[in-house]
Amino acid sequence: MLEQLIFTTAAVALFGVGFFKMMKNDDSSYIKLLVIEALGIAINFICFISNIKINLLIKVLIYTMSIFLPIIIYFFQSKNIDIIKKIEQIKIKMYLVSGNDKKAKEELNSIIKRNPNNYDAHKTLAKIYENEGGIRRAIDEYVACIEINKKDYDSYYKVASFLKDLDKKDEAIQMFGSLLAKRPNYYNASIELGNLLLEKEMFKEAAMVFQDAIKFNTLNYELNYYLGISYTMLNDFQNAKMCYEKAAQINAFEYRSKYNLAEIAMLYKDINSAEKYFSEAMQDEDLEADSYYELSKIKLIQGQKDLAIRYANMAIDIDSMKIASKIKNEPLFIPILVKISIPFNLEKREEKEPLSENEIRAKVHLEETSTITRNMGYNKEEFLKRKEGLNRDFDEREKDV
């Protein structure tokens, strides 16, 4: 009788503690524990009033359900270890490891339904949707994470990146901007925002983003390189040159900056520097054909026709479609055009890692500006006449073939 009194008192008290915690924390995860406790108390009560003798195994089970289990859980919670959540997390991880994403999502949604402010559940669910390709649902979950934890900068970045992928570039720019306002040294956000601004031809704004980012990461190749691109598009070639030079010093094996340095050297008629940089840039597969083409032009300017022909043919061999078009529109090649082997079937080289849209835009801008400054020395009528003659000769060659 005394044992029953002690058991009932302890079990009911522990049940009351659990119920109080559930109401105080508005956390329905305690429901399962309370159900287990209530079931143990009910079994003991039925056996008592029915005068059923309980064997040792049943007694251990009843005490575990009604007393030992809640005591263990409350002990861990007193140490700031939420054992209930730990058990739920273990279940979810087991579902994910076994590839049962459906059950994992059901468990997570159940947790969120009980506790909408459960950050870990929203984060895990967001990652599952992301891996499945459910971008819009992933965005919703990452936004929920941000609302719960304002310092979850990685979720800010994820949402902004998804918006960019969905071609919602204005929203992505706003999101990246908000992230950098909160955490100015978030490197990836600076790169993404700067490139989005370049795509929208907001060159001054892009330059400001890269300038701010460099304050936190001075010796970063990409930041200096893309700042150089920003200055290039602003026609501030002196500052662009300084940025490309710094980028080349930081990483001597990235040849994109050296190609742009070569074009700036051509723009300033520094032929020796241009030749040096083009010779280095040809080690990049994406720039090899263009580098040989530009070296061919340099040799023509220097009066070395044999080398010019050799470099032009090497460029044609690498990418006949791109280079043939350039040669057709470049008056410098008129004297050696008949010695350049342009194939009948023009083929574009398959690029393994093509330059980005912003890199191509800056590259073309430098090439065109360099050509304009060089051609400023020609008499306008003579220049147009030579270009018209080149196009006519080229068309006649195509007909003969």
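Residues numbered from 1 in each chain as written. Predicted model: local features only at pLDDT ≥ 70, side-chain atom pairs only at ≥ 80, totals over all residues. Heavy atoms only, no water.

Let's talk about the packing of aromatic side chains
Worth spelling out the cut-off: Between 30 and 60 degrees the pair is tilted, below 30 it is stacked and above 60 it is edge-to-face, where a pair is any two Phe, Tyr or Trp rings, Trp via its six-membered ring, whose centres lie within 6.5 Å. Using a 1.4 Å probe on the protein chains alone, a residue whose accessible area is under 20% of its type maximum counts as buried, one over 50% counts as exposed, and one in between counts as partly exposed. Here, over-ring charges are defined by two tests on the NZ atom of lysine or the CZ atom of arginine: distance to the ring centre within 6 Å, and angle to the ring normal within 35 degrees.
On inspection of all chains with the given rule, the structure shows 11 aromatic pairs. Taking the centre distance of 6.2 Å and the plane angle of 40° together, the rings of Tyr63 and Phe68 count as tilted. Residue class for Tyr63 comes out buried when judged on its relative accessible area of 19%. Here a set of aromatic residues connected by ring pairs shows up, and it is made of Phe210, Tyr221, Tyr225, Tyr226 and Tyr244. Sitting over the ring of Tyr225, Arg256 keeps its end group 4.7 Å from the ring centre.

Focus on the pattern of salt bridges
As a reminder of what qualifies: Any carboxyl oxygen of Asp or Glu within 4 Å of a side-chain nitrogen of Lys or Arg constitutes a salt bridge here. Every helix listed is a DSSP run of H or I at least four residues long, and every strand listed is a run of E at least two residues long, numbered separately from the N terminus.
Scanning the model with the defined rule gives 22 salt bridges in all. A salt bridge links Asp290 to Lys326; its shortest N-O distance comes to 2.6 Å. One end of the pair, Asp290, is in helix α16 (residues 288–301); the other, Lys326, is in helix α18 (residues 320–328), and 36 residues separate them in sequence. Between Asp290 and Lys363 there is a salt bridge, with the nearest N and O atoms lying 3.0 Å from each other. One end of the pair, Asp290, is in helix α16; the other, Lys363, is in helix α19 (residues 357–375), with 73 residues separating them in the sequence. The pair formed by Asp290 and Lys363 is uniform in burial state, with each residue classed as buried. A single network of salt bridges, built from pairs that share partners, joins Asp290, Lys322, Lys326, Lys363 and Glu367.

Overview of the environment of Arg137
Relative to the elements of secondary structure, Arg137 occurs in helix α7 (residues 135–148). The class of Arg137 is exposed, set by a relative accessible area of 52%. Taking the C-alpha atoms as reference points, Arg137 and Ala126, 11 residues apart in sequence, are found 7.3 Å from one another.

With respect to unusual backbone geometry
Positive phi values are uncommon outside glycine, yet Glu201 reaches one of about 60°. Relative to the assigned elements, Glu201 resides in the loop between α10 (187–199) and α11 (203–214). Positive phi values are uncommon outside glycine, yet Asn235 reaches one of about 65°. With respect to the element layout, Asn235 can be found in the loop between α12 (221–233) and α13 (237–250).

Remarks on the packing of α12 against α13
To keep things clear, this is the line we draw: Axes, fitted as lines to C-alpha atoms, cover a helix only where it is in contact. Angles between the N-to-C directions of the axes lie from 0 to 180 degrees. Put simply, angles under 35 degrees are roughly parallel, angles over 145 are roughly antiparallel, angles from 65 to 115 are roughly perpendicular, and the rest are oblique. Rotating anticlockwise by less than a right angle from the far helix to the near helix defines a left-handed crossing, while the corresponding clockwise rotation defines a right-handed one. Between two residues, a contact is recorded if the distance between any of their heavy atoms is within 4.5 Å. Lys, Arg, Asp and Glu make up the charged group, whereas Ala, Val, Leu, Ile, Met, Phe, Trp, Tyr, Cys and Pro make up the nonpolar group; the residues left over, Gly among them, are polar.
With their axes 8 Å apart at the nearest point, α12 and α13 run at an angle of 160° to one another. When the axes of α12 and α13 are compared, the pair comes out roughly antiparallel. As for the relative orientation of α12 and α13, their crossing is left-handed in sense. Listed contacts from α13 to Tyr221, Asn224, Tyr225, Leu227, Gly228, Ile229, Tyr231 and Thr232 of α12 are Phe237, Asn239, Ala240, Cys243, Tyr244, Lys246, Ala247 and Ile250. Residue composition of the contact of α12 with α13, grouped by class: 11 nonpolar, 4 polar and 1 charged.

Concerning the nonpolar core
What counts here: Each nonpolar core is a collection of buried residues, namely Ala, Val, Leu, Ile, Met, Phe, Trp, Tyr and Cys, held together in the definition by side-chain atoms within 4.5 Å.
Core analysis: the biggest nonpolar cluster contains 94 residues, and Phe176, Phe210, Ile229, Phe278, Ile327, Phe333 and Ile340 have the highest contact counts within it. Among the elements that line this core, the one with the most residues is α12, at 8 residues. Ranked by size, the runner-up nonpolar core spans 9 residues in total, among them Phe7, Leu33, Ile73 and Tyr74.

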